[in-house]
Each structure stands twice: as structure tokens, then as C-alpha cells.
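These are the residues of each chain, in order.
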Amino acid sequence: MDLNINAAVPKDGTSGIDREVERRIVRKALLTRISEERLLQLFSEGKLSGTLHTCIGQELVGAVITELLSPGDVVFSNHRGHGHFLSLTDNLEGLIAELMGRQNGVCGGFGGSQHLCFERFFSNGIQGGIVPVAAGVAFAKKLDETEGIVIVFIGDGTLGEGSIYEAFNLAAKWQLPLLVVLEDNGIAQSTPQRQTLAGSIASRAAGFGLGYASSDTWNWQELLSQARQAVDSVRSGAGPFLLHVKTYRLKAHSKGDDTRPRTEVETFERKDPVNQLLADPAWTAMVDELRTRVGTAVAAAESSPTADYSPPATQAPSSIEWHTAIVPKERLVRALNHCFSDVMGRDQRVVMIGEDIESPYGGAFKVTEGLSDAFPGRVRNSPISEAGIVGLGSGLALMGWKPVIEIMFGDFLGLAFDQLINHAAKFQRMYNGQVGVDLIVRTPMGGRRGYGPTHSQTLDRHFLGAPGLRVLALNNLLRPDSLYVPLFEAHCGPTLVLENKLAYGAYLHAETAPGFTLMHSSERFPTAWLVPAARKVDITLLGYGGMSEILVTAAEQLFQDHDLLAQVLCPSQIYPFDATPLLPVLASSAKMLIVEEGQGFAGFGAEVLAQVAELASEFLGEARRVVPPPDIIPSSGKMEKLMLPSLEYVIAQAVDICR
Amino acid sequence: MKTIIAVPTINVNDEVVVLVRWHVPDGTHVDAGAPLVDVETTKAIATVQGDHSGWLKHCRKEGDEVPVGAEVAWVFSSAEELANACSTSNPPCEQPGPHPAIASPGLELRATSKPEPINICSQHPFTRLSGAARKLAASLGVDPARLEEAKLGLVTSAGLRAFLELPAASPGDGGLRSERITLSKRAEIDALRAGAGEHLRSSLSINFDSAGMRAFAEGAGYGLLPLILAELGSLLAENPRFTAYYDRDQVIYYDAVNLGVAIDIGHGLKIAVLRNADRMDPDEISKQLAERTLDCIENKLAIENASGGTFTVTDLSMFDILHFQPLINGRQSAILGIGADAAQMGYPMSLTIAFDHRVLTGREVGSFLQVLRDRLLRYAEVDASGPPAHVCDMCLTDLASYYKEFGKERSAVMTQYMRPDGKVGLICHRCLMGYL
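Going along each chain's sequence as written, the residues are numbered from 1 onward. Here every chain gets a letter starting at A, and every ligand a number starting at 1, in the order they are written. Totals for whole chains, interfaces and linings use every residue, but because this is a predicted model, local features are given only for residues with pLDDT of at least 70 and side-chain atom pairs only at 80 or more, for both listing and counting. Note that the side-chain values use all heavy atoms of the structure and ignore hydrogens as well as water.

What about the overall build of chain B?
Working definition: helices are DSSP H or I runs of at least four residues, strands are E runs of at least two. Numbering for both runs from the N terminus. The helix and strand tally for chain B stands at 11 helices and 20 strands. The contact criterion used throughout is that any non-hydrogen atoms of two residues lie within 4.5 Å. Taking as baseline every contact in chain B between residues at least 6 positions apart, the subset at least 24 positions apart corresponds to 58%. In these tables, accessible area is a Shrake-Rupley quantity obtained with a 1.4 Å probe, and a residue counts as shielded only by the protein chains included in the view. Put simply, chain B shows about 24000 Å² of open surface, and 53% of that area lies on carbon and sulfur atoms.

Here we look at the overall build of chain A
Secondary structure assignment for chain A yields 22 helices and 23 strands. Relative accessibility decides the category of a residue: with a 1.4 Å probe and only protein chains considered, values under 20% of the type maximum give buried, values over 50% give exposed, and everything between is partly exposed. The burial tally for chain A puts 58% of its 659 residues in the buried class. Of all intrachain contacts in chain A linking residues separated by at least 6 positions in sequence, the fraction that spans at least 24 positions is 78%.

Let's talk about a nonpolar patch on the surface
Residue and element names in this part refer to chain B. Residues form patches when they are more than 30% accessible in relative terms and have no salt bridge. Like charges link within 9 Å. Nonpolar side chains (Val, Leu, Ile, Met, Phe, Trp, Tyr) link within 5 Å. In what follows, salt bridge is the name for a side-chain nitrogen of Lys or Arg lying within 4 Å of a carboxyl oxygen of Asp or Glu. Nonpolar side chains collect at one region of the surface, where I265, L294 and I297 lie side by side and expose about 250 Å² of accessible area between them. For L294, the position within the fold is in helix α8 (residues 282-297). Of the residues examined, L294 reaches a relative accessible area of 46% and is grouped as partly exposed.

A short note on the nonpolar core
Nonpolar cores were defined as sets of buried Ala, Val, Leu, Ile, Met, Phe, Trp, Tyr and Cys residues, with membership established by side-chain atoms within 4.5 Å. Counting residues in each nonpolar core, the largest one holds 223 residues, and the members touching the most others are F76(A), L243(A), Y484(A) and L541(A). Examining the composition of this core, we find that 10 residues originate from one element, helix α1 (residues 19-44) of chain A, more than from any other. Counting residues domain by domain, this core receives three or more from each of domain 1 (19-299) and domain 2 (315-659) of chain A. Counting residues in each nonpolar core, the second largest holds 42 residues, with M213(B), L224(B), L289(B) and A334(B) among its members. As used throughout, domain bounds are those supplied by an automatic or database domain assignment.

Focus: the sheet that holds strand β4 (residues 35-40) of chain B
All names here are of chain B. If you walk across this open sheet you meet the four strands as β5-β4-β2-β7, and the pairing is antiparallel. Where the open sheet ends on each side, the last strands, each with one partner, are β5 (45-49) and β7 (65-67). Sheet twist, expressed as the mean angle between neighbouring strand axes with direction ignored, is 45°. As judged from the five bridges shared by β4 and β5, these two strands associate in the antiparallel manner. Among the inter-strand pairings, E40 is bridged to a residue of β5, identified as I45. Strand pairing is defined by DSSP finding a minimum of two bridges between the two strands. Each axis is a line fitted through C-alpha atoms, taken for helices only over the stretch in contact, and angles between the N-to-C directions span 0 to 180 degrees.

A look at the packing of helix α18 (residues 548-562) of chain A against helix α22 (residues 647-657) of chain A
All names here are of chain A. Running from amino to carboxyl end, α18 crosses α22 at an angle of 55°, the nearest separation of the two axes being 10 Å. With respect to their mutual orientation, α18 and α22 come out oblique. For the crossing formed where α18 meets α22, the hand is right-handed. Mapping the contact onto sequence places I550, L551, T553, A554, Q557, L558 and H562 in α18 and L647, V650, I651, A654 and V655 in α22. Split by residue class, the contact of α18 with α22 holds nine nonpolar, three polar and no charged. Roughly parallel here means an angle under 35 degrees, roughly antiparallel means over 145, roughly perpendicular means 65 to 115, and every remaining angle is called oblique. Each helix crossing is assigned a hand: it is left-handed if the near helix lies turned anticlockwise from the far helix by less than a right angle, otherwise right-handed if that turn is clockwise. Gly is placed with the polar residues, together with every amino acid not listed as nonpolar (Ala, Val, Leu, Ile, Met, Phe, Trp, Tyr, Cys and Pro) or charged (Asp, Glu, Lys and Arg).

Remarks on the pattern of salt bridges
A side chain with one charge can pair with a side chain of the opposite charge if their charged atoms come near. Within the structure shown, the criterion is met by 38 salt bridges over all chains. Here K47(A) and E302(A) are joined by a salt bridge, their closest N and O atoms 2.8 Å apart. With a gap of 255 residues between them, K47(A) in the loop between α1 and α2 (59-65) and E302(A) in helix α11 (residues 284-303) connect regions that are remote in the sequence. The class for K47(A) is partly exposed, based on a relative accessible area of 34%. Between R375(B) and E238(B) there is a salt bridge whose closest N-O contact spans 3.1 Å.

Overview of the pairing of strand β2 (residues 16-22) of chain B
All names here are of chain B. Inspection of the sheet shows β2 paired to β7 by three bridges, in the antiparallel sense. Each bridged residue has a counterpart across the sheet, and for V17 the counterpart in β7 is V66. When β2 meets β4, the two strands line up antiparallel, connected through four bridges. In the sheet register, V18 faces β4, and the bridge partner there is E40.

Remarks on the confidence of the model for chain B
Close inspection of predicted coordinates is inappropriate in any region flagged by low pLDDT. Residue and element names in this part refer to chain B. Residues with a pLDDT of 70 or more make up 86% of chain B, whose mean pLDDT is 81. Confidence of the prediction at every residue is given by pLDDT, a number between 0 and 100. Within the model, pLDDT remains below 50 along residues 88-112, and this stretch shows 39 contacts once partners closer than five positions in the same chain are excluded. Confidence over residues 382-388 falls short of pLDDT 50; this stretch has three contacts with residues more than four positions distant or in other chains. Scored by ipTM, the complex comes to 0.72, with pTM at 0.68.

A few points about the sheet that holds strand β15 (residues 270-274) of chain B
The strands making up a sheet associate through hydrogen bonds between their backbones, and the pairing can be parallel or antiparallel. All names here are of chain B. If you walk across this open sheet you meet the six strands as β11-β18-β17-β16-β14-β15, and the pairing is mixed. With one partner strand each, in any of the chains shown, β11 (201-209) and β15 form the two edges of the open sheet. Averaged over all pairs of adjacent strands, the angle between their axes in this sheet comes to 20°, without regard to strand direction. Pairing geometry for β11 and strand β18 (residues 348-356), over nine bridges, is antiparallel. By the bridge assignment for β18, D209 is matched with P348. Strand contacts of α8: β14 (259-263) and β15, with the helix running at about 150° to β15, the strand carrying the most contacts.

Describing the side chain of T443(A)
Residues and elements named next belong to chain A. Within the secondary structure, T443 sits in strand β14 (residues 440-445). When its relative accessible area of 0% is taken as the criterion, T443 is described as buried. Two N or O atoms count as a polar contact when they lie within 3.5 Å, although within protein this holds only if one can serve as hydrogen donor and the other as acceptor, and sequence-adjacent residues are included solely when both atoms are side-chain atoms. Within the local environment of T443, its side chain forms a polar contact with the backbone oxygen of I407, the two atoms lying 2.8 Å apart. With near-sequence residues (within four places) excluded, T443 lies in contact with I407, M408, F409, G410, L413, L496, V497, L498 and E499.

Notes on unusual backbone geometry
Residues and elements named next belong to chain A. A cis amide bond links S359 to the next residue, P360, at an omega of 0°. Within the element layout of this structure, P360 appears in the loop between β11 (350-354) and α13 (371-374). The phi angle at D90 is positive, at roughly 60°, despite the residue not being glycine. For D90, the position within the fold is in the loop between α3 (82-89) and α4 (92-99). Given the relative accessible area of 40%, D90 is considered partly exposed.

A word on the packing of aromatic side chains
Centre distance and the angle of the planes are the two values used to describe a pair of aromatic rings. Residues and elements named next belong to chain A. Note on ring pairs: Phe, Tyr and Trp rings are taken, using the six-membered ring of Trp, and paired if centres are within 6.5 Å. Classes follow the plane angle, with under 30 degrees stacked, over 60 edge-to-face and the rest tilted. Counted according to the given criterion, the structure contains 26 aromatic pairs over all chains. The interplanar angle of 70° and the centroid separation of 4.9 Å between the aromatic rings of F577 and F604 together place this pair among those described as edge-to-face. Of the two residues, F577 sits in the loop between β21 (573-575) and α19 (583-586) while F604 sits in helix α20 (residues 604-616), which places them 27 residues apart along the sequence. With respect to class, F577 is no different from F604; both count as buried. Directly above the aromatic system of W401 lies the positively charged group of R349, at a separation of 4.1 Å from the ring centroid. We count a charge as sitting over a ring when the NZ of a lysine or the CZ of an arginine lies within 6 Å of the ring centre and within 35 degrees of the ring normal. A cation over a ring is seen here: K366 above Y361, with NZ or CZ 3.8 Å from the ring centre.

Concerning α8(B)
Residues and elements named next belong to chain B. Its 16 residues give α8 an end-to-end C-alpha distance of 22 Å, which sits within 8% of 22 Å, the value for a rise of 1.5 Å per residue. For α8, the complete set of buried residues consists of P282, I285, S286, Q288, L289, R292, D295 and C296. Next to the buried residues of α8 lie α7 (224-238), β14 and β15. One or two steps after α8, the chain reaches N299, where phi turns positive at roughly 60°. One less than the residue count of a helix, multiplied by 1.5 Å, gives the span that helix is expected to have.

Remarks on the environment of E264(A)
For E264(A), the position within the fold is in helix α9 (residues 262-271). Considered as a pair, E264(A) and L250(A) are 14 residues apart in the sequence and their alpha carbons are 9.9 Å apart.

Looking at the environment of R429(A)
Residues and elements named next belong to chain A. With respect to the helices and strands, R429 occurs in helix α15 (residues 417-430). Accessibility expressed as a relative area gives 33% for R429, which makes it partly exposed. Along the chain, R429 and G108 lie 321 residues apart, while their C-alpha atoms are 9.9 Å from each other. The residues contacting R429, other than those within four sequence positions of it, are F110, Y309, S310, P311 and P312.

Section: the environment of A198(A)
Inspection of the secondary structure assignment puts A198(A) in the loop between β7 (191-192) and α7 (201-208). Once the C-alpha coordinates of A198(A) and L159(A) are considered, the two residues, 39 residues apart in sequence, prove to be 9.7 Å apart.

Notes on helix α9 (residues 362-377) of chain B
Residues and elements named next belong to chain B. Taking 1.5 Å as the rise per residue, α9 with 16 residues should run 22 Å; its terminal C-alpha atoms sit 22 Å apart, in good agreement. V365, F368, L369, L372, R375, L376 and L377 are the residues of α9 that are buried. In this structure, the buried residues of α9 make contact with β11, α6 (211-220), α7 and β18.

A closer look at the pairing of strand β20 (residues 566-570) of chain A
Residues and elements named next belong to chain A. Extensive coverage of β20 is indicated by the burial of five of its five residues. Alternating positions in β20 separate into two faces, A566, V568 and C570 on one and Q567 and L569 on the other, with burial throughout. Across three bridges, strand β18 (residues 528-532) lies against β20 in antiparallel orientation. By the bridge assignment, W529 is partnered in β20 with L569. Across four bridges, the pairing between strand β19 (residues 539-542) and β20 is parallel. Paired with T540 across the bridge in β20 is Q567.

Rendered as C-alpha cells:
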């Protein structure tokens, strides 16, 4: 509903604002106030789980901004988002049911106060983390060439978080339709702004080239005017805009944690516009109506069934079949390049974002060579902003795109940890299945190139075990298509694909030594199994990713030179991982060696052994992990070679365990 | 319907048994309660019975080491089922599975059944030998074409040995011939090592001529060993410290005379236990010994007759071993070794008691031996309290008196002759000539 300021409509005490608009704004502000107060009361009655962060005193921000929105716009908010939620969706019943843990809550009881999702509203409880995601949604709108902008609400405390600056930079550089509304209440939890904010807010916007306007909530008519300018600017395609709204938080940060002096708060209570509305007889009828509505909603929530818990269904099959496999003789990096090329050709929704991936450079490891030429606009160089681009990817994925985000070195994945674990991995489940995030983040792990401690690691284990985040590892016993094609074909969910630096330049294992057969499982992401032609096997070598080549060579040498029959197992999906379907293979031999290049403690090998111990401890026979010592990876080539598990070391361990 | 026959727990010590003999052939009908198979533990042989009638399929062969609890056979309720089981290409019970047939614990949220080892490669269109296998084949002079034809797939030296039906190589044999020790030998070593552990080992011997007592015992029909055991038994009942053992600052008394008699007829050393030997007479002992020996010959020594000994006796006199040092068994404090030499005059005999000085003393053992000897000698025709007194069979003049009287006469000589009972006797010149 577009606002026509200049319409000749009779005014009612306010200048230049249509009465209907005013009513709507007041209604939203009052609804927010009454709901928040009721929620505080419910909290003290012990009827809510967890805590809540009320926006009492700040209601007008949401009430005003949402006046200017179109159906195609999307809103992101934070922990203090009830007002934004109610003003946009009017889903009071869904909100209250959610906070009371009811089945019919907007997120089925999973999200609660800080993690709300309904139609085009999303909130998350991590300060600042949602901003790159919002930028991603804005990017999707731009790519889709549709109407619609993205609004993201942050606080002044959020200005401490680095990820928002990555998002500002990206949004400005790529001219994304993103409106950042900053609710400046001068305090972050218990810490006043003067303690934490360097420089000024305006200069932050100027620094990134964002549009800027400032206003406040004590004169909401003025705020509406400023907001309209900001919204129009973003809609016009001029790029992102920072709308700085001064306001005041009348209540505690959450509950009982207000450290400000009462005199200060009282000053603001007296001049608070919503307090004035509540006291104004002109609005009493509306207030009563809204109180009734809130009461009804609470009663309805109280009498509706509480949400019951059941774990998500596992997708793993309990038994699998095996078929012989042939792998073409091709360098892995070439195979990857062709794979992406094929996929992007077939599916227009696939985009690739990463550092240095455009032609002519084609990526640090040349995986994306030529792709930006073949698919202009869909393969983009990004600034060096790992958190920013992974968040961007999540936003794109929320809008149905299939982004592939390349993190240049696996070691840098830590910079995007929050985006992976607290955002991408959680959206689908915490929003109770209302959204899907078909995001692929791919990165090479591995050492043996002398790159030193922060460029050689295998950090896989730090990303295993986050529910909602699948982790795959490429190896040279299958074509990369075997993993990527299923990922793109179906709704894959957030997936981290670990590639290997050293493996890029090597050939896929096309020829197995005589007597060894390569088989693949019927799993969606196949396990590779190198089977020796023998009735019994002396030892199983288990590994994944970059280890596959060493294990296959070890198996051959163990037979030829050490009189031992070894079979090799390389799973591709290392999380979630269920050892059950592999037990019949593991049962063929009483001895098992698990080889990893990453640190062994609490790693994949430990998980495999724990599962086998729980499921079939009699198979355990003798098992050993071959892992590097607990140390950093030295840069010196010779030291690195001695430190990381080598072929010779693996063979020696296998011979030892079989003695 | 298929019933699984598994190795029962026979005694708490054994986790593995050896399958000695099938009583019912593979593929034939078996009745409930009939003996199925004999398995050997460290102590004895036990017979396993099945509770069901039906058609039997062997899962293991004679000579296999089988873990306790593992399957040894299946009993099918019909001949058709048996035929079907035999015709499947990969009958799982042929796999030598490294794990016993116990259900694996499942997680609460998942139902798991014990997985069978997967068996993919049954067809190998080639034979490829490992380096070590190739060397072995060359050293054995095996024709490579024969191996090639057999299409064995990947073959290690262990696999080659199996194919050629050679015994498995022992670890690090360095080219020397070797053989595995049996379960019972392993157990014997363990028992003796336990006995040797911290014993303060000492031993005492007493010697005497046994010709006389032997003659008596054989005349009585039971033989010398049962006589010794009977006397030993009652003497042990009077001396409870000899049936006790030392454990952590305590002497633990069995207060029971269960004589373990070592029997070795060439099938390995076994101990046959005569329970409450103090209450048995030599006839009884002789009968039981004979039965136990027969059991050993037939490899059927039962568990209850092979365990629970509180004192051990070992007799090597049959080899004319006059004297030896026996080893004390675990959880005992003494052992009696009996030696004798038939080739020597008078059939000298030794009784050696090796004992644990933590429980017994030299005085106790010495006294014990003396009493035992004296009691045995009472059975002898000849008084053994002094040096053997040679007397003329006819006039009973003793040698000393005879030479004193007739020493100066050249024809006065005691002559040895063969008595009608086959023993060597003495006759003086006078009785030889018919005087007196």
C-alpha cells in the first residue's frame, strides 16, 4: 500500500499524514506494546521457556517501517524482534504460541523468541550474523530481477560485529537492495554506547558508500518521512542504505538486567510516544480491543497442545549394495571443472562465489577456470570476506538459488564458522521446516605443500557433528560428479564439501592393481571400497578424502611386499555418518587401521571406533588410528613429511598390527 | 527350522576348546540326547549333546579350535532344509569368523542384528602371489601352472600354505620345524608355573630296598604303587599340612586327601585324581587307577576325575629312574616322586618329597618320609632296618655269622641260585651239599 502524502485527505491533528496510515501505525505500536507487556507478565508467571528481549520503547520503528513495505520485501531481525514481527505479519497468535512452546507456534516450539520465521520474516539470535544473510537475499532479488528489497534491523551494539561490515562492503560493491535499519538505543545489554563505539555511525555508512539518514522515534511522522526516502532510495537501485533511528529501550535487556539509573529511564518513560498513546483517550477503544485480542491469543495458546519432541528422521539406509566402479583417468581438478560446467549448464540457479575464481585466474587451484567466461554473472569474485560470502550464500539459498561458495583454503573456514553452524545449518530445523537452504560451501584441506601451519590443515573434525550441516569429502576413488550431481539434483541442504589440495593435481584412480577391484556403494554419496580378490582379509584400511591415494597404494604394497591382504574403505559422507551399513565389510577382518591427516583427538576415526564399539564390539579385534602428533604442521618440507602420516608409516603400522 | 548347537561353557577357565571327534557324521540324522561331539578343554574331554532330533550339519571340523559359545553344528528339522543349506553358495557357517556368535548390543534408537561378514569375491579369474608367497612356492618347488590354474586370486604365503595343505607357519620359525603345543600342554605349563612361582622349594629323599614289599604287594594282587598310595593316603590324613597350600601369608588347608596321580601313556601328561584316597584300600586304589589309565588310553578322562587334587604323586620307576626331582603343582605344597631301579640288587627305591618351605619344614617332611618308609617296609619279608641281611634260604644262617664260622675254609661260600619263584636266592655250602 503506497502512501500518498499529497492526497487531499482531511487530517486529524497531525500534519501531512493520512489518517488511515496513522491508525495503522498506532495500532501496530500499541499491539506491540500490549503484547510485550503481557509476555513479560507471562514470563514472571513461569509460562514462557527461556527469556525474552522486549522492544518496549522502540515499537514505533517496526510500526513505521512496515508501512512502507511491498509484498515482495523481506525482513530480517534480531533477538529484540517481536515488534518487527508483529508489525509485519500481525501473527500475534503464532508468536505467543511459539513463546509458550506450543505445537502451533510459528516454529513449532523450536525457535522461540529469538529465532522466528513466518512468511517473509526471519530472525536469529546471533548479533550481526543475519546481516550477510540479508545481503544474500537482496542479491537473490537482484539476480531474479524482481521487485522487492530487504530490510534488516540491527542495534547500535551490533556495530561491534565484523560480519556486518563485510555485508556492508558486499552490498555496496554489488549494489544490493538492502536497507539496514539501526535502532540506536544507546546501550548494548548493560554496556552504554560511549564505552564501545569509536567514530560515528554516520561515518560508517559513508565509509562503505551506504546511503544514510537519521531520525528518532519521538517524532514518528518525521521518522516515516525519512524512512520513505530510505526505502525509495533502495528501491531505485541506488544500493544499500543505513537508516539510523535513535530510540530508547524502556525495559531491561532481557529480564531483570537493567543497570541504568531509574532517573534516566523515567525521563524517557515520560516522553515515550506509546505511553502517551496509552494515556490518550482517543485511543482507549483501540487499546481495549487490542488487550482483548492479546488475552484471547494467550488463552488460545494456553489451551493448545504443547509441542512434543522427536528427533529428525535419519536418512541413512541400514543396508547397502555394492557394484563395481570405473573411474576415468582424469586429473581431479579437470574433472571438477567439467562437473561444475555441466551442472551450471543444466541448472540456471547455480551460482559460484569465491575469492579469485573469475577468469583468467580461475581460482587458486584452477578449479573454476573458464567458468566465469562460460557463465557470465554467475561466477563472481568476492572480497576477502569468508563470513560475508557464506552468509550471502545462505541468503541466496533461502530464495531458492543454489550457491556454491568457495573458501580458498580450508584453514580459512574458521572465519565462516558462525555462518555455517549458527545460520546455514540451523535455519531449516529451527524454523520448523518452513525453509530450505541448498547451500554448498567447498574448500580444499590438506598439507604436504609446505604452506605452513595456517595453510596446510585438515580441520574437518571441527565441522563434524553440527546437526543440519552435511560434510562430504572428495576422494580420488570416485568422480566428483558422484558427489556434486546428487547435491545439485535434489534439495541437498547445507553441505560442506572438503576437497584436497594435493589431490587436485593428481589423477583419479583409474587403474587398480591386479587383484584389487574398486566398488562403490549404493549410498547417495557412495563409499568407495577397494576389495582384494581373496576369501579373507587381514586388515581394513579406513580413511577418507586426501587419504584415499595413500591407502590404495598401501594396500598394494602390503600385498606385494608384506604378504598381507588389505581392503580399503573410503566413505564420502563423513557427517552424518552411520557405520551400520559398513559393518559386514568391517567384519571380514579383525584388524582395522584408520588413517587421518587431521588431528586424531575427537575426530572421524574416534567416531568410527565409538560406533563400532557400540554396534559390534566383537569386530573391534584390534583397531588403531594413524594420525599426526598433536602439533602444528611445520612449514619445512622435511619436517612436514615426518609429521604427517606417510605411506611408509601407514604400511609400518599395518604390518605391526598384523604381527 | 534350524537349531544351533554351540560350544557350552565347560569350565570357567577355558575360552577356547578343540573339537576332537564327531560322533554323528555330517548330513545324517541325530536323535535328541545322543552324544554329538567331543571337545577338549585344558583339563579333559567333554561330550556335547544336542537337545533336538533332526538332520545334522557340521560347522567345524575335527582339530578346529572353537571359541566357547561359537556354533559347531546346525540341526534342521527336515532333510530338505539341510539340503537347501548345503546348496547355498556362501553358507555362513563355513566362515572362520573372528568373533563368537553372541548378539551385538544395539543402540536404543536403532535395531541391529549381528552382521554377517560380507563375501563378495568368490570368483577369481587369476592367481597372483605376494612376494613372500612367490618365494615360498619356489622353495617348495610348486609348479606355477598349477597355481595359475587354480585361480586363487590374491595369495599370501598363509593362503599358499592353506592351498597346499601345509601346517601353518609359526611366527618367526626361521626355517626350523615347529609344532603348536596342545591345549592340555598349555594348561600343564600354566599349572606348573603357578606351582613354581614363589615356592620356597626344597626336597628330601629316603631310599630303601623294595624287593620285599614288592613281592608282598604283587602277591596280594594289587601291585606296589596302590600299596604306597594307600599308606600315603592314610599318612596324609594324619598330616594335614601336606594337603594345604600357601597364599598371601596364610596356609590354606584342603583337609581332604585327593591324590593326583600323574599318568602319561604317551598322549600327554594327565593327572587322575583319587578322591578321599585315605579311605581306600589298595585294592580299591588299584581298580580306580586301572580305570583311569584306560580312560587316558581312550582319551576319555572325565573332568571330575581330573581335577580337585590336593597332593600329587608321580612314579617314574617303570623307567628304572631311581631318583628325580618332581615339580610341585599350583595350589599344593608338596609332591611325592617315586623312583626305583629294577636292575639293581634288592630293587632299590627312592621316595622324594619336593615341598614348599613356606608351609612345611624339613623336620616334618623327613619324619613323614621315615614313617612312610617304615610302614611300607612292614610289608616286606626282609627287615629293612639295617643293611640287607643275606641268609641261607635253607638254614637261615646269616652271612656275617657264616663267614665268621667258616671263613677260613676255602669251600665255604654262599652261592647265589635261581629260586623256583624266579628270584635270586642264597644257599650256603653245607645246605648245597645236603648237610644239615
